[in-house]
Amino acid sequence: SDNLVIALDGPAASGKGTLAKKIAGHFGLPHLDTGLLYRAVGRGVLDQGKDPGDTAAAAAVAAALDVSALDEDRLRGAEMGEAASRVAAIPAVRAALFELQRAFAARPGGAVLDGRDIGTVICPDATVKIFVTATPEVRAERRFKELKGRGESIAFDDVLADIRRRDERDSSRSAAPLVAAADAHLLDTTTLDIDAAFQTALGIIGRR
Ligand code: C5P
């Protein structure tokens, strides 16, 4: 089909979200930040006073998730990233969020999705897959600045430790682990600013 489906995956603070937004704007496509779905589930479980490792509670929240009501600002905090990564390891949570991601990707004209398993599980037939990486130190630096900018008082070492812990959990879980699809293009943003990364991504998409 002439649907342009662009899948961006990668670890926390690799730049995939910012890239996905710019790419979606460039091609006039809708964008889904799938991390927000897991963050919303984590938030919902915490709001019930339960632990993000509570399988039944997390699965129930995921099944009832209202995607039209995601409050991005409330979900961006450091605490939410940790809770998201914990509920994301629960297969029933991933199953509950599967169809809505598929439906988004199937929109007429196409879509841009970013996450951890878009190229491997959600959109194995995506037009283009890009796996975005950067060193943990550089990613921690970016996340640190972002959180500071949001007014969070947080130490750099804690941000780096959180990134390493989430990398480890996301990569080692058995349900849809963070891994580059065999046919993904690698985009290392360690030494690239956002514009350079965007130009590189456009080059990859243009050569498809
Ligand atoms: O990308 P973001 O940091 O917002 O994602 C939060 C957490 O949600 C990740 O650490 C990961 O565990 C989980 N996630 C996932 N699959 C996705 C997107 C996010 O498991 N497609």
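In this text the structure is predicted, and so the values were computed from the model without any measurement.

So, on to the UniProt feature "binding site: ATP" (unreviewed entry) in the protein. The positions UniProt marks with the feature "binding site: ATP" (unreviewed entry) are G10, P11, A12, A13, S14, G15, K16, G17 and T18. The annotated residues named above include A12, A13, S14, G15, K16, G17 and T18 as those lining the largest pocket. What G10 contacts, discounting residues up to four positions off in sequence, is K16, G115, R116, F131, V132 and L178. Tracing the backbone shows K16 in helix α1 (residues 16-27).

Its place among the elements puts R207 in the segment after α10 (194-206). By relative accessible area, R207 is classed as exposed at 63%. The spatial distance from the C-alpha of R207 to the C-alpha of V128 is 9.6 Å, given a sequence separation of 79 residues.

Side chains that carry opposite charge are capable of pairing whenever their charged atoms lie near each other. Here the structure, examined in full by the defined rule, presents 19 salt bridges. The residue E82 makes a salt bridge to R169 at a minimum N-O spacing of 3.0 Å. Placement of the pair is E82 in helix α5 (residues 78-87) and R169 in helix α9 (residues 156-172), with a sequence separation of 87 residues. Note that E137 is salt-bridged to R164, the shortest N-O span being 2.9 Å. One end of the pair, E137, is in helix α8 (residues 136-149); the other, R164, is in helix α9, and 27 residues separate them in sequence. The exposure class of E137 is partly exposed, given its relative accessible area of 40%. Through salt bridges with shared partners, one network takes in E82, D162, R165, R166 and R169.

In this structure the tally under the stated criterion is one cavity of 30 Å³ or more. In this structure, the largest cavity encloses a volume near 60 Å³. Forming the walls of the largest cavity are R39, R76, G77, A78, G81, R143, L147, I154, V159, D162 and R166. In terms of residue class, the lining of the largest cavity is made up of four nonpolar, two polar and five charged.

Quick notes on the rules
- Residues numbered from 1 in each chain as written.
- Predicted model: local features only at pLDDT ≥ 70, side-chain atom pairs only at ≥ 80, totals over all residues.
- Heavy atoms only, no water.
- UniProt positions renumbered as here; feature names shortened; annotations may be inferred.
- 1 Å grid on protein atoms, 1.4 Å probe; cavity = no way out; pocket = protein on both sides within 12 Å on 5 of 7 lines; lining within 4 Å.
- Contact = heavy atoms within 4.5 Å.
- Helix = DSSP H or I, 4+ residues; strand = E, 2+ residues; numbered from the N terminus.
- Buried < 20%, exposed > 50% of the residue type's maximum accessible area, 1.4 Å probe, protein only.
- Salt bridge = Lys/Arg side-chain N within 4 Å of Asp/Glu carboxyl O.
- Points joined across faces, edges and corners; volume = space filled by probe spheres on them.
- Nonpolar A, V, L, I, M, F, W, Y, C, P; charged D, E, K, R; others polar.

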